[in-house]
Each structure stands twice: as C-alpha cells, then as structure tokens.
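Architecture at a glance
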Amino acid sequence: MNLTLATIGIVGIIMIALFLIFKSDTYKASDFELSKNNTLDPMLAKIMNSVGGDVLGIVSENRVKKQTNNKLARLFRESGNPWNLNYVEFNLLKFVLMIGGMIIDFLFSVFLFAIFDFNEMSIFLVVAFSIILIVGGYNYPVIYYNSVAKDRVASFKTGLPEAIDYLIMALSGGGFALPKAFEMAVRYLPPGVIREEFERIISDLKIGKTMEAALNDFEKRVPTEGIRAFVKALNNANKLSVSMIDILENRARASRAEREAEIEMKIQKLPTKVMVILMPVSLLSIMAVALAPAVAVLSQFF
C-alpha cells in the first residue's frame with residue numbers, strides 16, 4: 001500500500017511539474033472581463049454547490065480581469081462555448097476533473113491491490129491508469145470544445161451559402177429590409193447552427209438592439225475570419241444604407257468556392273490515406289505469399 005501511495009504521489013508530482021513548465025504557454029497577455037450574468041453549466045453548478053460555494057465566489061473582486069491567451073479565446077468563439085463558461089470557470093473545471101481523476105485512480109489502486117498480488121503488472125496498470133485519468137481529465141474540456149468547434153465550423157461553411165441565398169431573395173425579390181430578411185430566411189433554413197444564429201439575431205432585435213449591435217454580436221460568435229469579414233462588410237453596408245445584395249452575392253460565391261476547395265483538398269489526400277491504411281495489410285499479404293513455398297519446403301525436413 002505504501003508503494004501504491006508513493007506511485008500515485010510521484011505521478012501527481014510529475015503532472016504538477018509538467019503544468020508549471022508549460023504554464024507560460026497557457027496564460028499570455030489578453031485581458032477579458034468576467035461575466036457576472038453568465039449562466040453556469042448545470043453539471044459544474046452541481047459540483048460547486050456540493051462543496052458549498054459559487055464558482056465565481058472564489059475569485060476576488062480585484063481579480064475581475066484575468067489573463068488568457070488568444071488560443072483559448074479562439075476556441076471559445078469557434079465552439080460557441082457550449083457549456084456557457086467563462087475563462088476562470090473553464091480552467092477551474094479542468095483542475096476539478098484532474099483532481100477527480102486522482103481520486104478515482106486512488107480508489108482503483110486500492111481495489112486492484114486488494115484483489116491481485118503485488119507485482120510489476122499491477123504497478124504498470126496503476127501508473128497507466130493514473131496517466132490516463134489525470135491527463136485525460138485535465139484535457140477533456142479542451143478536447144470536447146475542439147470537437148464541437150470542428151463540427152460548428154463545418155456547419156457554418158456548409159450552411160452559410162444557402163442562408164445567404166435566402167437573404168438575397170428576401171432583399172431583392174421581396175423588397176424587405178435586412179431585419180425582415182433574417183426573419184424570412186429563418187423560415188426556410190434547416191435546423192442547425194446557422195438557423196440558431198439567425199434566430200439569435202432576430203431575438204436581439206426584438207429586445208431592442210439595433211441591427212448594428214446585433215450584427216456586431218454575431219461577428220463575435222462566428223468561427224472563421226472570412227465570415228467575420230463578411231459580417232463587418234454587411235454591417236457597414238447597413239449603416240451606410242447602400243445595396244447589400246452585391247455583398248451577399250460575393251460572399252455566397254466565396255463560401256461555395258472555399259467549400260469546393262476543401263472538398264478538392266480532401267479528394268487529393270484520399271489516395272494517401274488509403275495507402276497508409278492498406279500498406280501494412282498489403283505488405284503482410286505479399287510476405288505471406290512469398291514465404292509460403294519456402295515454409296512448405298522447410299517443413300518437410302522437420
């Protein structure tokens with residue numbers, strides 16, 4: 001048991017040391033304001049309530065400004081922040097999951113050594129399980145957000161041209177203003193991230209925001225720089241009361257061209273990926289066919 005605790009302690013020290021080494025890459029200059037009206041994720045709220053405190057209660061008022069890096073800010077924008085966390089809550093959740101992994105690892109170690117004999121295999125299992133739980137728990141929020149961001153970016157690139165086409169039809173054929181054009185486009189858009197964002201723009205307009213403010217908020221939520229530039233241009237055209245149809249048509253063509261370029265790139269990479277998968281199997285098959293006669297001949301002498 002003492003060796004088990006020592007092993008867990010060594011692994012924990014290694015994890016802390018690695019964190020301190022790379023801490024300078026985690027926090028860099030880019031200020032943000034904590035949102036006091038931010039709605040907490042239900043699971044995280046349950047965790048914090050179980051220990052009798054609010055997650056923002058541990059942050060003093062003189063530390064309302066916190067430093068983070070552009071990479072984390074970009075991750076939040078591209079993923080749409082699915083857990084509705086701010087930066088402090090996000091980093092705190094990583095440490096909560098890491099500590100939870102340590103606790104589960106300790107219980108697993110006690111259970112393992114209570115059932116099996118103390119040997120090298122059991123030590124290997126404990127160390128491997130420790131690394132998986134601790135590292136996996138700490139990195140799980142980033143992994144999940146990256147997965148959501150990847151799907152969200154793909155949805156934006158796929159659905160935006162169609163959404164722009166509906167806006168063009170509402171502006172040109174129907175003669176509607178831009179706020180009404182968004183309402184008309186939502187009626188025909190399939191469920192997805194584009195429709196959710198358009199509905200959010202409509203909701204912002206209904207609560208009293210101007211079209212400029214609603215588009216500025218939309219610009220902060222879009223995942224790619226190309227779409228952000230498009231939203232800025234659309235907002236400028238709306239403020240200057242100029243025709244937006246040309247801007248929308250150019251963006252629709254650009255979005256389709258970008259999508260086609262990505263598809264072409266994937267098609268070009270497909271033969272390489274197929275070869276990477278098939279090459280080991282092919283080599284084994286060729287070796288088996290080539291060596292089979294020699295093995296048959298040698299087997300006659302034994």
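Read on for a plain summary of the structure. Computed from a predicted structure; not experimentally measured. (Residues numbered from 1 in each chain as written. Predicted model: local features only at pLDDT ≥ 70, side-chain atom pairs only at ≥ 80, totals over all residues. Heavy atoms only, no water.)

Here the focus is unusual backbone geometry. Residue Asn81 is not a glycine yet carries a positive backbone phi of 50°. Counting through the fold element by element, Asn81 comes out in the loop between helix H4 (70-79) and helix H5 (87-115). Not every positive phi belongs to a glycine, and Asn84 is a case in point at roughly 55°. Residue Asn84 is classed as partly exposed on the basis of its relative accessible area of 31%. (Helix = DSSP H or I, 4+ residues; strand = E, 2+ residues; numbered from the N terminus. Buried < 20%, exposed > 50% of the residue type's maximum accessible area, 1.4 Å probe, protein only.)

Now for the nonpolar core. Core analysis: the largest hydrophobic core is formed by 33 residues, its most contacted members being Leu178, Phe182, Ile194, Phe198 and Leu248. Of all the secondary-structure elements, those providing two or more residues to this core are helix H6 (120-173), helix H7 (178-188), helix H8 (193-206), helix H9 (211-221), helix H10 (225-240) and helix H11 (245-299). With eight residues, the top contributor of residues to this core is H6. Not counting the four nearest positions on each side in its chain, Ile194 is found in contact with Ser155, Phe156, Gly159, Leu160, Ala163 and Leu189. Formed by nine residues, the second largest nonpolar core is a distinct cluster that contains Leu75, Phe90, Leu93 and Tyr145. (Core = buried A, V, L, I, M, F, W, Y, C linked by side-chain atoms within 4.5 Å. Contact = heavy atoms within 4.5 Å.)

What follows is about the pattern of salt bridges. Opposite charge on two side chains permits pairing when their charged atoms draw close. What the rule picks out here adds up to 11 salt bridges. Note that Lys180 and Glu183 form a salt bridge whose closest N and O atoms lie 3.6 Å from each other. One end of the pair is Lys180 and the other is Glu183, both in helix H7 and three residues apart, which spans about a single turn. With relative accessibility at 29%, the residue Glu183 sits in the partly exposed group. Here Glu219 ties to Lys232 by a salt bridge, and the two come within 3.7 Å at their closest N and O atoms. Of this pair, Glu219 sits in helix H9 while Lys232 is found in helix H10, placing the two residues 13 residues apart along the sequence. (Salt bridge = Lys/Arg side-chain N within 4 Å of Asp/Glu carboxyl O.)

Treat this as a map of the structure, not an account of what it does.
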